[in-house]
Amino acid sequence: MTILELSQLEIRYPHDEFHLNVPSLQVESREKVALIGPSGSGKTSLMNVIAGIMLPEAGEVHFDGIKVNALSDSERRQFRLSRIGFIFQDFGLINYLSALDNILHTYRINPALQFKKSVIERAHSLAASLGVSSLLHKFPHTLSQGEKQRLAICRALLTQPQLILADEATGNLDPANKNKILEKLFSAVDEHNATLVVVTHDHALLSHFDRTIHMDDLTGRARSHA
Amino acid sequence: MTLPVEPDLMHSLYIAWQYLRFNRFKTLTIIACITVILSLPFILKLLVDEAELQLRSRATSTPLLIGELGSNMDLVLSSLYFTDDAPAALSMDLNQQILETGLAQVVPLYRRFNVGGFPIVGTSIDYFSFRKSGFASGRAFLYLSDCVLGAEIAEKLGLKVGDNVFSSSENLFDLAGNYPLKMTVVGILEMSHSADDLGVFVDLKTSWIIAGLGHGHVDLKTIKDSTVMLQRDTSTIRANAKLMQYNEVTMDNRTSFHFHGDMQGYPLSAIIVDPDNDRAAALLKGRFIGDDVRQQIVNPANVIDVLLERIFQIKKLVDGVTLLITLVALLALGLVFAISMRLRESELDTLFKLGCIRGAIARLLLAEITLVMIASSAFSASFIAIIWPYRGFITRLLIFQ
């Protein structure tokens with residue numbers, strides 16, 4: 001079943017020459033998709049449009065029957081909170097919150113999500129599975145890049161989202177940890193019947209995914225070798 | 001158990017607290033600024049109101065005051081608030097004259113010398129009944145070198161009845177000047193929240209002894225050392241400055257203390273006058289009108305009114321300056337807040353991307369401001385509460401010391 005569908009998408013930034021055209025993209029439910037392309041090809045912009053962080057100039061984004069680009073600002077925020085787990089390229093950790101509080105942050109800032117004891121237990125469980133249990137009392141500025149990335153992944157997975165968008169989720173990890181992270185992401189996809197879209201530059205990981213989408217193929221441009 | 005505060009508010013306060021705690025230096029600086037902004041106007045008003053109360057009550061309880069012709073402000077401040085030594089331009093003769101008119105009760109004052117910075121006030125025993133002073137311990141002075149301490153001096157110096165104090169030398173290098181007199185504390189006044197709390201009260205004769213107008217020494221007839229004698233014959237014995245004088249009055253040497261010359265000419269710095277009625281007051285005032293009069297009689301309340309008017313004018317200026325400083329401080333705080341928001345752009349961007357609603361973001365920021373304001377208000381209130389019981393002392397320290 002198609003859960004994510006983009007059609008005739010046109011993405012532009014004001015006062016910028018950047019222009020991305022995506023005639024069509026479909027992702028099946030529970031599919032694990034890798035999105036690759038050279039720097040500046042619009043991968044992050046595409047992820048932002050899918051998540052409803054920004055609106056396309058034209059075209060439509062449908063997720064699980066919801067026309068995302070037709071939602072109001074507050075509806076799109078609610079949509080992100082409840083259905084999307086976003087792993088940012090720069091981690092997006094809050095420097096004055098401990099690791100545990102960072103993981104729980106989404107629940108604290110969203111009145112619609114009920115902050116229960118079970119949520120805290122789930123946070124501890126996720127942290128354990130990603131090997132950051134011993135770091136929960138520490139602050140982000142004391143952690144390594146890899147540790148921060150694993151924390152960001154914990155936060156994204158805590159809300160049990162339908163769609164996980166990961167922007168360079170394994171970029172700063174060693175090969176052993178890269179596989180571990182991917183393994184965790186994949187098990188979360190399977191566990192929660194979620195769909196996974198990962199932006200990556202690491203061609204060594206592509207074989208793990210159900211499908212690889214090259215930005216050039218998506219936009220109909222001649223494929224570059226960056 | 002139901003929380004007294006809704007969960008969302010609790011979460012906002014929790015996150016705000018984490019932010020403030022992490023940036024503790026900035027937080028404490030902002031709290032300190034706001035604390036000063038909040039408490040300064042209150043404290044200023046507190047002290048000015050207290051000053052007004054003390055100045056006015058002291059002045060209105062003193063109907064009239066006689067002193068040397070000159071600045072009536074200096075006369076009132078030195079006689080009622082013991083601010084500085086006062087010129088001894090009056091004499092006991094004048095005191096006696098006023099008393100003999102039958103128009104008023106009089107209380108003579110000789111304000112000179114100090115005990116470790118605290119003023120010695122030579123006066124009569126009537127001073128205590130005039131001021132309605134109560135004694136926390138002991139009694140009024142009866143003998144030479146007896147002294148009565150104000151409540152604050154006793155507390156500050158840790159003195160009690162039976163202890164001794166020494167008058168301070170006016171000039172260590174003046175061998176012919178006054179020398180320290182050892183005095184015995186015989187009484188300690190109750191706290192009156194007035195200048196009396198900081199005074200050392202002695203009988204006029206004791207203050208004249210300190211001034212060198214009276215002294216005690218061994219009987220000249222018993223002195224064998226001829227170098228001490230200026231003249232010795234059948235009718236006259238005179239000693240020179242080599243004669244050792246007592247600097248302490250004891251039971252044994254008390255009778256040796258004596259005064260030379262006519263005591264009616266002995267100095268006073270001021271005379272408190274309590275007229276029987278308005279007519280008596282008018283008559284007494286009339287005695288000090290004329291070009292050849294060398295003294296003045298003033299109504300301390302009128303003099304203090306002028307002083308208070310000046311104080312209030314200055315206070316208005318200070319209020320204006322305080323307001324300006326407050327505005328500048330608030331602008332600076334606003335700038336700090338704006339810069340802080342700029343620095344936290346990525347954090348706010350993350351919140352937005354995570355899906356945090358605008359209201360929640362605003363609530364987070366408001367929670368931070370609320371916590372800072374609560375802390376500042378608490379510190380301000382504590383600061384004022386600490387100063388409150390000492391406002392009288394601080395006021396006297398600022399105005400009268």
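Keep in mind that what you see is a predicted model, and the values were worked out from it rather than measured.

Draft legend 1. Geometry of the interface of chain B and chain A. Listed as interface residues are 22 residues of chain B and, on the opposing side, 22 residues of chain A. Buried area between chain B and chain A, both sides added, is near 2,300 Å², and the carbon and sulfur share of it is 66%. Considering only the surface of chain B that becomes buried against chain A, F22(B), K353(B) and L354(B) emerge as the three largest contributors, covering 29% of it. At the junction of chain B and chain A, the tally comes to 0 salt bridges. Seen at the junction of chain B and chain A, the total is 6 residue pairs in polar contact (both at pLDDT 80 or more). Those elements that provide at least two residues to the side of chain B that touches chain A are α1 (7-22), α10 (345-354) and α11 (358-387) of chain B. Examining the composition of the side of chain B that touches chain A, we find that 7 residues originate from one element, α1(B), more than from any other. Split into classes, the residues belonging to the side of chain B that touches chain A amount to 12 nonpolar, 4 polar and 6 charged.

Draft legend 2. Spotlight on the side chain of R80(A). Inspection of the secondary structure puts R80(A) in helix α2 (residues 73-83). Looking at R80(A), its side chain comes within polar contact range of the main-chain oxygen of F352(B), at 2.7 Å.

Draft legend 3. Structural context of the domain arrangement of chain B. Residues and elements named next belong to chain B. Looking at chain B, the domain boundaries give domain 1 (9-53 + 308-400) and domain 2 (64-216 + 257-298). Between domain 1 and domain 2 the total buried area reaches about 620 Å² when both faces are included, carbon and sulfur atoms providing 60% of it. Examining the composition of the side of domain 1 that touches domain 2, we find that 4 residues originate from one element, helix α12 (residues 391-400), more than from any other. In the side of domain 1 that touches domain 2, the residues fall into 3 nonpolar, no polar and 2 charged.

Draft legend 4. Quick look at a nonpolar patch on the surface. All names here are of chain B. Taken together, the side chains of F337, L366, I369 and M373 define a hydrophobic patch exposed on the protein surface, amounting to about 340 Å² of accessible area. When residues in the nonpolar patch are grouped by element, the largest group, 3 residues, is from α11. Looking at the element boundaries, M373 is found in helix α11. Owing to a relative accessible area of 34%, M373 belongs among the partly exposed residues under this scheme.

Draft legend 5. How the structure looks around the environment of S57(B). All names here are of chain B. As for its position among the elements, S57 is in helix α2 (residues 24-60). In this structure, the C-alpha to C-alpha distance between S57 and A360, residues 303 residues apart in sequence, is 57 Å. From its side chain, S57 meets the backbone oxygen of Q54 in a polar contact 3.3 Å long.

Draft legend 6. Molecular detail of the sheet that holds strand β2 (residues 19-28) of chain A. Residues and elements named next belong to chain A. Strand order in this open sheet of 4 strands is β2-β1-β4-β5, and the pairing throughout is antiparallel. The open sheet has two edge strands, β2 and β5 (66-67), and neither has a second partner. Pairing of strand β1 (residues 2-12) with β2, which is carried by 9 bridges, proceeds in the antiparallel orientation. Counted as the bridge partner of I11 is L20 from β2. Against the sheet, helix α1 (residues 43-51) engages β1, β2 and β4 (58-63), with an angle of about 120° to β1.

Draft legend 7. Geometry of the packing of aromatic side chains. The full count for this structure, using the stated rule, is 15 aromatic pairs over all chains. Taken together, a centroid distance of 5.5 Å and an interplanar angle of 35° make the contact between F139(A) and F22(B) tilted. In this pair, F139(A) sits in the loop between α4 (117-129) and α5 (145-158) while F22(B) sits in helix α1, so the two residues belong to two different chains. Residue class for F22(B) comes out partly exposed when judged on its relative accessible area of 28%.

Cut-offs and rules
Residues numbered from 1 in each chain as written. Chains lettered and ligands numbered in written order. Predicted model: local features only at pLDDT ≥ 70, side-chain atom pairs only at ≥ 80, totals over all residues. Heavy atoms only, no water. Contact = heavy atoms within 4.5 Å. Buried area = accessible area lost by both parts, 1.4 Å probe. Salt bridge = Lys/Arg side-chain N within 4 Å of Asp/Glu carboxyl O. Polar contact = N/O pair within 3.5 Å; in protein donor to acceptor, adjacent residues only side chain to side chain. Helix = DSSP H or I, 4+ residues; strand = E, 2+ residues; numbered from the N terminus. Nonpolar A, V, L, I, M, F, W, Y, C, P; charged D, E, K, R; others polar. Domains from an automatic or database assignment. Patch = residues over 30% accessible without salt bridge, like charges linked within 9 Å, V, L, I, M, F, W, Y side chains within 5 Å. Areas by Shrake-Rupley, 256 points an atom, 1.4 Å probe, with all protein chains shown as cover. Buried < 20%, exposed > 50% of the residue type's maximum accessible area, 1.4 Å probe, protein only. Pairing = 2+ DSSP bridges. Axes fitted to C-alpha atoms, helices over the stretch in contact; angles between N-to-C directions. Phe/Tyr/Trp six-rings, centres within 6.5 Å; stacked < 30°, edge-to-face > 60°.

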